[in-house]
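For reference, the chains in residue letters:
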Amino acid sequence: MGYKKALIITFSGIGDAVLTEVLCENLRKMDKDIEIDFVVKNNAAPLFTRNKAVTNVISYENDERKNIFKYIAKIWNITRKKYDIILDIESTPRTELFSLLSLSSKFRIGKNKISKHKILGFKITRGWFYTHKITEDRKNNTVIESIVKFLDPIVENQKVKMQYTLDYKVDITEEEKLESKKIMESVGIDFSKKIITCGVNAVFEWKRWKREHMVNVLKYVIDNYDYQLVLFYTPKEKDYTLEIAKELEQYSTNKKGKVFYNITTKNVRDLAKIIANADIYFGNEGGTRHITQALGKSTVAVCRKNDEKTRWIVEDENHLALVISDFIPIEGIQKNNLTWENMTSEMVISKLKVRLDNLK
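Residues numbered from 1 in each chain as written. Predicted model: local features only at pLDDT ≥ 70, side-chain atom pairs only at ≥ 80, totals over all residues. Heavy atoms only, no water.

### Some words on the sheet that holds strand β1 (residues 5-9)
Part 1 of the reasoning: Strand order across the open sheet formed by 6 strands is β3-β2-β1-β4-β5-β8, with parallel pairing between neighbours. In this open sheet, the two strands that pair with only one neighbour each are β3 (56-60) and β8 (132-134). In this sheet, adjacent strand axes meet at a mean angle of 15 degrees when their direction is disregarded.
Part 2 of the reasoning: Strand direction decides the pairing type here: β1 and strand β4 (residues 85-88), joined by 4 bridges, are parallel. Counted as the bridge partner of Ile 9 is Asp 88 from β4.
Part 3 of the reasoning: Contacting β1 and β3, helix α4 (residues 68-79) runs over the sheet at an angle of about 165 degrees to β3. (Pairing = 2+ DSSP bridges. Helix = DSSP H or I, 4+ residues; strand = E, 2+ residues; numbered from the N terminus. Axes fitted to C-alpha atoms, helices over the stretch in contact; angles between N-to-C directions. Contact = heavy atoms within 4.5 Å.)

### Concerning the pattern of salt bridges
Part 1 of the reasoning: Inspection of the entire model under this criterion finds 21 salt bridges.
Part 2 of the reasoning: In this structure, Arg 269 engages Glu 176 in a salt bridge whose closest nitrogen and oxygen atoms are separated by 2.8 Å. In this pair, Arg 269 sits in helix α11 (residues 268-276) while Glu 176 sits in helix α8 (residues 174-186), placing the two residues 93 residues apart along the sequence. In this structure, Arg 269 and Glu 176 share a single accessibility class: buried.
Part 3 of the reasoning: Notably, a salt bridge pairs Glu 205 with Arg 208, separated by 3.9 Å at the nearest N-O pair.
Part 4 of the reasoning: You can call Glu 205 exposed: its relative accessible area is 61%.
Part 5 of the reasoning: A relative accessible area of 18% means that Arg 208 is categorised as buried.
Part 6 of the reasoning: Through salt bridges that share partners, Glu 179, Lys 266, Asp 270 and Lys 273 make up one connected network. (Salt bridge = Lys/Arg side-chain N within 4 Å of Asp/Glu carboxyl O. Buried < 20%, exposed > 50% of the residue type's maximum accessible area, 1.4 Å probe, protein only.)

### Observations concerning helix α15 (residues 345-359)
Part 1 of the reasoning: In a regular helix each residue adds 1.5 Å, so 15 residues correspond to 21 Å; α15 covers 20 Å between its end C-alpha atoms and thus fits that length.
Part 2 of the reasoning: Of all the bends in α15, the largest measures some 35 degrees and sits at Leu 352.
Part 3 of the reasoning: Among the residues of α15, those classed as buried are Ser 345, Met 347, Val 348, Ile 349, Leu 352, Arg 355, Leu 356 and Leu 359.
Part 4 of the reasoning: Contacts made by the buried residues of α15 are with β9 (195-199), α9 (211-224), β12 (280-284), β13 (298-302) and β14 (319-322). (Expected span 1.5 Å × (residues − 1). Bend = angle between axes of the 7 residues up to and from the residue.)

### Focus on the packing of aromatic side chains
Part 1 of the reasoning: Tallied over the entire structure, the rule returns 9 aromatic pairs.
Part 2 of the reasoning: Plain terms: the ring middles of Tyr 3 and Phe 107 are 5.3 Å apart, the flat faces sit at 85 degrees to each other, and that makes the pair edge-to-face. Placement of the pair is Tyr 3 in the segment before β1 and Phe 107 in strand β5 (residues 107-111), with a sequence separation of 104 residues.
Part 3 of the reasoning: Its relative accessible area of 1% is what places Phe 107 among the buried residues.
Part 4 of the reasoning: Connected via pairs of aromatic rings, a cluster forms that spans Phe 11, Tyr 60, Tyr 71 and Phe 98. (Phe/Tyr/Trp six-rings, centres within 6.5 Å; stacked < 30°, edge-to-face > 60°.)

### Section: the packing of α9 against α15
Part 1 of the reasoning: At a minimum axis separation of 10 Å, α9 and α15 run at an interaxial angle of 40 degrees. Here the hand of the crossing between α9 and α15 comes out right-handed. For the pair α9 and α15, contact is made by His 213, Asn 216, Val 217, Tyr 220 and Val 221 and by Ser 345, Val 348, Ile 349, Leu 352, Lys 353 and Leu 356, respectively.
Part 2 of the reasoning: For the contact of α9 with α15, a count of residues per class yields 7 nonpolar, 3 polar and 1 charged. (Left-handed = near helix turned anticlockwise from the far one by under 90°. Nonpolar A, V, L, I, M, F, W, Y, C, P; charged D, E, K, R; others polar.)

### Quick look at the pairing of β12
Part 1 of the reasoning: For β12, a buried count of 5 out of 5 residues is recorded, marking the element as mostly surrounded by other parts of the structure.
Part 2 of the reasoning: Note that β9 and β12 share 4 bridges and pair parallel. What sits directly across from Gly 199, in β12, is Gly 283.
Part 3 of the reasoning: Handedness of the crossover is the feature at issue here: the chain leaves β12, passes through helix α12 (residues 287-294), returns alongside β13, and the resulting connection is right-handed. (Right-handed = clockwise from strand over helix to strand, strands pointing away.)

### Overview of the sheet that holds β12
Part 1 of the reasoning: The 6 strands are arranged β11-β10-β9-β12-β13-β14 in an open sheet whose pairing can be described as parallel. Of all strands in the sheet, those bounded by a partner on one side alone are β11 (258-260) and β14. Recorded for the sheet is a direction-independent mean angle of 20 degrees between the axes of neighbouring strands.
Part 2 of the reasoning: As defined by bridge partners, β13 adjoins β14 across 4 bridges and the pair is classed as parallel. Bridge assignment links Ala 301 to a residue of β14, and that residue is Ala 321.

Function cannot be read off these values alone, since they describe shape.
Shown next, in the form of structure tokens:
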């Protein structure tokens, strides 16, 4: 390809960072020797420390992002590396500073954005320091398809044909999987039986499917499958998740399925190690689902809106996204003002059951 150094920037959530990794896979496909640096929030950084497509992970701590002087100083230090390619997936005024301080970079690529200025009060076109701007087609492209379009200017400049991969990855080593397996066995998990990681919670309450429905689905699994449910949580999600976990644990007495929720994780990479040893994910759509797919595991996700199904998840034999319109015609949803909370546990079970049966 001829370009030696690339910088990719995303300060969104963990799930968005996982999706953005697809750029690393494609750049590595274009040139096996290119140096790829990946700038992410500190909570996402551990996920990518051993990714084969990533050369360096650059982590921004919260105080570095919130303190403008520390933020700019770090950008200055990072950009002294003189990158040939800068891919600003975030494309905010703050992340555009990477391009401002890298005017010698041949490719400084960001989104084509028009937004209302907070002080001036009228709309302005952003991205003054980009060499190329990507217009996002939300109607016709999935999120992954929109992300890989950031590579179009580079491919067009090279005058070569490029078949993009849409696969994003999190690489966990065999040693890490074995280490996690021993921890899981120490709390009683039996690896002769199937393991389901369960995302009962979400970063935001509005992204959480109705508690009653989620619990009923998991009770159905406990009643009908000799499988093991693993529930996990961040510190902010602990109380809500433990409440459900303990209810399910009590319910599972003398039942087929078992419930586990006492595996300690110090960061998101520890969670990824657990997922790497499991068989399937079921729960709310979000970052953990993306991590699971990045690890090559199957997923069944409950989605709040249709665009979560059509834009964020590419369905196939391994990945299923469920929305209320899968069960009720759009006309009925609109007429009766229904939401995803009207998607009952019975509806979800009818689809989930097929995937769980295939695990046997």
